[in-house]
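Residue-level structural notes
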Amino acid sequence: MLFTAQYESPLGTIGLVSDGVALTGLRFGVGEEAVPAADVPAIADACRWLDLYFSGLQPGFLPPLNLVGTAFQQRVWKALMEIPYGATATYGAIARHVGCRSAQAVGQAVGSNPVAVIVPCHRVVGSGGALTGYAYGVERKEYLLQLEAGRHASAATASR
(Lines give C-alpha, C1' and ligand atoms only; values in the text may rest on other atoms or scores of the structure.)
Protein backbone atom coordinates (compact mmCIF):
# COMPACT_ATOMS: atom_id res chain seq x y z
CA MET A 1 0.00 0.00 0.00
CA LEU A 2 1.19 3.49 -0.78
CA PHE A 3 0.56 6.33 1.63
CA THR A 4 0.28 9.91 0.45
CA ALA A 5 0.21 13.25 2.17
CA GLN A 6 0.26 16.88 1.16
CA TYR A 7 2.70 19.48 2.44
CA GLU A 8 2.01 23.19 2.02
CA SER A 9 5.22 24.95 1.06
CA PRO A 10 6.01 28.54 0.05
CA LEU A 11 6.01 27.20 -3.53
CA GLY A 12 2.62 25.51 -3.35
CA THR A 13 1.39 22.05 -2.46
CA ILE A 14 3.88 19.22 -2.41
CA GLY A 15 2.67 15.65 -2.66
CA LEU A 16 4.52 13.07 -0.59
CA VAL A 17 4.38 9.32 -1.27
CA SER A 18 5.65 6.53 0.97
CA ASP A 19 5.65 2.77 0.74
CA GLY A 20 5.19 2.72 4.53
CA VAL A 21 8.91 2.40 5.19
CA ALA A 22 10.57 5.07 3.06
CA LEU A 23 9.72 8.12 0.98
CA THR A 24 9.24 7.10 -2.66
CA GLY A 25 7.98 10.35 -4.16
CA LEU A 26 7.93 14.10 -3.65
CA ARG A 27 6.34 16.25 -6.33
CA PHE A 28 5.00 19.79 -6.57
CA GLY A 29 1.35 20.31 -7.43
CA VAL A 30 0.15 16.77 -6.82
CA GLY A 31 -3.62 16.48 -6.60
CA GLU A 32 -3.75 12.86 -5.44
CA GLU A 33 -6.24 11.94 -2.78
CA ALA A 34 -4.35 11.61 0.48
CA VAL A 35 -4.36 8.29 2.31
CA PRO A 36 -4.07 8.90 6.06
CA ALA A 37 -0.35 8.94 6.69
CA ALA A 38 -0.04 10.44 10.16
CA ASP A 39 1.55 7.24 11.48
CA VAL A 40 4.03 6.80 8.62
CA PRO A 41 7.44 7.79 10.02
CA ALA A 42 8.97 8.41 6.57
CA ILE A 43 6.31 11.02 5.80
CA ALA A 44 6.69 12.62 9.24
CA ASP A 45 10.47 12.74 8.71
CA ALA A 46 10.02 14.27 5.24
CA CYS A 47 7.68 16.94 6.65
CA ARG A 48 10.20 17.76 9.40
CA TRP A 49 12.95 17.94 6.75
CA LEU A 50 10.82 20.29 4.61
CA ASP A 51 9.96 22.48 7.63
CA LEU A 52 13.65 22.98 8.35
CA TYR A 53 14.55 23.45 4.70
CA PHE A 54 11.86 26.04 3.94
CA SER A 55 12.79 27.95 7.10
CA GLY A 56 16.20 28.48 5.47
CA LEU A 57 18.11 25.85 7.42
CA GLN A 58 20.15 22.92 6.19
CA PRO A 59 18.21 19.95 7.61
CA GLY A 60 21.29 17.84 8.44
CA PHE A 61 19.55 14.49 7.93
CA LEU A 62 17.69 12.61 5.22
CA PRO A 63 14.36 10.89 5.66
CA PRO A 64 14.48 7.24 4.60
CA LEU A 65 14.34 7.09 0.79
CA ASN A 66 13.45 4.33 -1.67
CA LEU A 67 14.42 5.65 -5.10
CA VAL A 68 13.35 3.26 -7.84
CA GLY A 69 15.19 3.63 -11.14
CA THR A 70 17.81 2.18 -13.44
CA ALA A 71 21.42 1.70 -12.32
CA PHE A 72 22.37 4.82 -14.30
CA GLN A 73 19.59 6.89 -12.71
CA GLN A 74 20.69 5.67 -9.28
CA ARG A 75 24.26 6.84 -9.95
CA VAL A 76 23.03 10.26 -11.08
CA TRP A 77 20.69 10.63 -8.10
CA LYS A 78 23.53 9.68 -5.74
CA ALA A 79 25.67 12.36 -7.41
CA LEU A 80 22.87 14.90 -6.86
CA MET A 81 22.89 14.16 -3.15
CA GLU A 82 26.64 14.87 -3.10
CA ILE A 83 26.14 18.48 -4.28
CA PRO A 84 26.55 20.55 -1.12
CA TYR A 85 23.71 22.69 0.22
CA GLY A 86 23.96 26.12 -1.40
CA ALA A 87 26.16 24.92 -4.27
CA THR A 88 25.43 23.96 -7.86
CA ALA A 89 26.90 21.57 -10.42
CA THR A 90 26.54 21.44 -14.18
CA TYR A 91 25.05 18.57 -16.15
CA GLY A 92 28.48 18.11 -17.75
CA ALA A 93 30.26 17.89 -14.39
CA ILE A 94 27.80 15.27 -13.18
CA ALA A 95 28.25 13.34 -16.44
CA ARG A 96 32.00 13.24 -15.86
CA HIS A 97 31.47 12.28 -12.20
CA VAL A 98 29.27 9.28 -13.10
CA GLY A 99 31.42 8.24 -16.08
CA CYS A 100 28.99 9.23 -18.81
CA ARG A 101 29.84 11.11 -22.00
CA SER A 102 26.37 12.61 -22.39
CA ALA A 103 25.16 15.60 -20.39
CA GLN A 104 21.80 15.00 -22.12
CA ALA A 105 21.54 11.52 -20.60
CA VAL A 106 22.31 13.02 -17.21
CA GLY A 107 19.60 15.63 -17.82
CA GLN A 108 17.07 12.89 -18.48
CA ALA A 109 18.05 11.08 -15.28
CA VAL A 110 17.90 14.33 -13.30
CA GLY A 111 14.45 14.99 -14.76
CA SER A 112 13.21 11.58 -13.64
CA ASN A 113 14.22 12.15 -10.01
CA PRO A 114 11.23 10.87 -7.98
CA VAL A 115 12.00 12.87 -4.82
CA ALA A 116 12.45 16.53 -5.77
CA VAL A 117 14.03 18.99 -3.33
CA ILE A 118 15.34 16.30 -0.93
CA VAL A 119 17.29 14.76 -3.83
CA PRO A 120 18.42 18.20 -4.99
CA CYS A 121 17.89 18.19 -8.74
CA HIS A 122 17.36 21.95 -8.48
CA ARG A 123 21.11 22.33 -7.84
CA VAL A 124 21.95 21.24 -11.39
CA VAL A 125 22.50 24.11 -13.81
CA GLY A 126 23.52 24.52 -17.41
CA SER A 127 27.01 25.48 -18.51
CA GLY A 128 27.90 28.93 -17.28
CA GLY A 129 25.38 28.61 -14.44
CA ALA A 130 22.28 29.01 -16.62
CA LEU A 131 19.04 28.08 -14.85
CA THR A 132 17.71 25.47 -17.22
CA GLY A 133 15.46 22.48 -17.08
CA TYR A 134 13.47 22.06 -13.91
CA ALA A 135 10.36 19.89 -14.09
CA TYR A 136 8.51 22.21 -11.72
CA GLY A 137 9.45 25.50 -13.37
CA VAL A 138 12.54 27.68 -13.42
CA GLU A 139 10.87 30.07 -10.94
CA ARG A 140 10.77 27.31 -8.31
CA LYS A 141 14.35 26.32 -9.08
CA GLU A 142 15.47 29.93 -8.64
CA TYR A 143 13.56 30.21 -5.34
CA LEU A 144 15.19 27.04 -3.98
CA LEU A 145 18.68 28.18 -4.98
CA GLN A 146 18.09 31.62 -3.44
CA LEU A 147 16.75 30.00 -0.27
CA GLU A 148 19.92 27.93 0.04
CA ALA A 149 22.05 31.01 -0.59
CA GLY A 150 20.33 32.76 2.32
CA ARG A 151 18.33 35.09 0.08
CA HIS A 152 14.65 34.34 0.57
CA ALA A 153 12.76 35.02 -2.64
CA SER A 154 9.45 36.77 -2.20
CA ALA A 155 6.59 34.30 -2.00
CA ALA A 156 4.71 36.62 -4.36
CA THR A 157 7.26 35.87 -7.11
CA ALA A 158 7.28 32.12 -6.47
CA SER A 159 5.20 30.02 -8.79
CA ARG A 160 2.20 28.57 -6.99
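So, a few notes on the structure that sits alongside this text. Keep in mind that what you see is a predicted model, and the values were worked out from it rather than measured. (Residues numbered from 1 in each chain as written. Predicted model: local features only at pLDDT ≥ 70, side-chain atom pairs only at ≥ 80, totals over all residues. Heavy atoms only, no water.)

Regarding the pattern of salt bridges
In plain terms, the rule: Think of a salt bridge as a Lys or Arg side-chain nitrogen and an Asp or Glu carboxyl oxygen that are within 4 Å of each other.
Under the definition given, this model contains three salt bridges. Here Lys78 and Glu82 are joined by a salt bridge, their closest N and O atoms 2.9 Å apart.

Brief notes about the packing of helix 2 (residues 71-81) against helix 4 (residues 103-111)
Condition: Lines fitted to C-alpha atoms define the axes here, with helix axes fitted over just the stretch in contact, and angles between the N-to-C directions of these axes take values from 0 to 180 degrees. The secondary structure listing takes helices from DSSP runs of H or I that are at least 4 residues long and strands from runs of E that are at least 2 residues long, numbered from the N terminus. With respect to orientation, any angle under 35 degrees is reported as roughly parallel, any angle over 145 as roughly antiparallel, any angle of 65 to 115 as roughly perpendicular, and every other angle as oblique. Any two residues whose heavy atoms approach within 4.5 Å are treated as being in contact. Asp, Glu, Lys and Arg are counted as charged, while Ala, Val, Leu, Ile, Met, Phe, Trp, Tyr, Cys and Pro are counted as nonpolar; the rest, among them Gly, fall into the polar class.
Running from N to C, helix 2 and helix 4 point in directions that differ by 80 degrees, and their axes come no closer than 9 Å. Classified by the angle their axes make, helix 2 and helix 4 are roughly perpendicular. Counted together, Phe72, Gln73, Val76, Trp77 and Leu80 of helix 2 and Ala105, Val106, Ala109 and Val110 of helix 4 form the full contact between these two elements. Classifying every residue of the contact of helix 2 with helix 4 by side-chain character gives eight nonpolar, one polar and no charged.

Side note on the sheet that holds strand 1 (residues 3-9)
Short version of the rule: Should DSSP find at least two bridges between two strands, the strands are taken to pair.
Taken in spatial order, the three strands line up as 1-2-3 in an open sheet, and their pairing is antiparallel. Pairing within the sheet leaves two strands with one partner each, and these edge strands are strand 1 and strand 3 (23-28). Across the sheet, the mean angle from the axis of one strand to that of its neighbour is 20 degrees, orientation sign disregarded. Two elements, strand 1 and strand 2 (residues 12-18), share seven bridges in a ladder whose sense is antiparallel. Bridged to Thr4 within strand 2 is Val17.

Here's the deal with the nonpolar core
Threshold: The criterion is simple. A nonpolar core is a set of buried Ala, Val, Leu, Ile, Met, Phe, Trp, Tyr and Cys residues joined through side-chain atoms within 4.5 Å. Relative accessibility under 20% of the residue-type maximum defines a buried residue, over 50% an exposed one, and the middle range a partly exposed one, all with a 1.4 Å probe and only protein chains included.
Counting residues in each nonpolar core, the largest one holds 45 residues, and the members touching the most others are Leu16, Leu26, Phe54, Leu80, Ile94 and Val117. Those elements giving two or more residues to this core turn out to be strand 1, strand 2, strand 3, helix 1 (41-54), helix 2, helix 3 (91-98), helix 4 and helix 5 (138-148). The contacts of Ile94, once residues within four sequence positions are left out, are Val76, Ala79, Leu80, Ile83, Ala89, Val106 and Val124.

Topic: the packing of aromatic side chains
Quick reminder of the rule: Each pair of aromatic rings taken from Phe, Tyr and Trp, with Trp reduced to its six-membered ring, is defined by centres within 6.5 Å and is described as stacked if the planes are under 30 degrees apart, edge-to-face if over 60, and tilted in the remaining cases.
In this structure the tally under the stated criterion is six aromatic pairs. For the pair Trp49 and Tyr53, a centre-to-centre distance of 5.1 Å together with 10 degrees between the ring planes defines the contact as stacked. You can see Trp49 and its partner Tyr53 sitting in helix 1, four residues apart, about one turn around the helix. Comparing Trp49 with Tyr53 shows no difference in burial state: the two are buried. Following the ring pairs from residue to residue traces out a cluster consisting of Tyr7, Trp49, Tyr53, Phe54 and Tyr85.

Some remarks on helix 3
We apply this condition: The arc in question is the one traced by the directions running from the helix axis out to the C-beta atoms.
Of all the positions in helix 3, only Tyr91, Ile94, Ala95 and Val98 are classed as buried. End-on view of helix 3: buried residues confined to an arc of 105 degrees, all on one side of the axis. Opposite the packed face of helix 3, turned more than 90 degrees from it, sit the exposed residues Arg96 and His97. On its buried side, helix 3 packs onto helix 2, strand 4 (89-90), helix 4, strand 5 (124-125) and helix 5. After helix 3 finishes, the residue Gly99 shows a positive phi value of roughly 75 degrees.

Points about the side chain of Ser9
The cut-off we apply is this: Whenever a nitrogen or oxygen atom comes within 3.5 Å of another N or O atom, the pair is scored as a polar contact, on the condition that within protein one atom can donate a hydrogen and the other can accept it, and that pairs from neighbouring residues in sequence are kept only if both atoms are in side chains.
Examined against the element boundaries, Ser9 turns out to sit in strand 1. In this structure Ser9 comes out as buried when scored by relative accessible area, which is 6%. Within the local environment of Ser9, its side chain forms a polar contact with the backbone oxygen of Gly12, the two atoms lying 2.7 Å apart.

A few points about unusual backbone geometry
With phi around 70 degrees, Val117 is a residue other than glycine that occupies positive phi space. Position of Val117 among the secondary structure elements: in the loop between helix 4 and strand 5.

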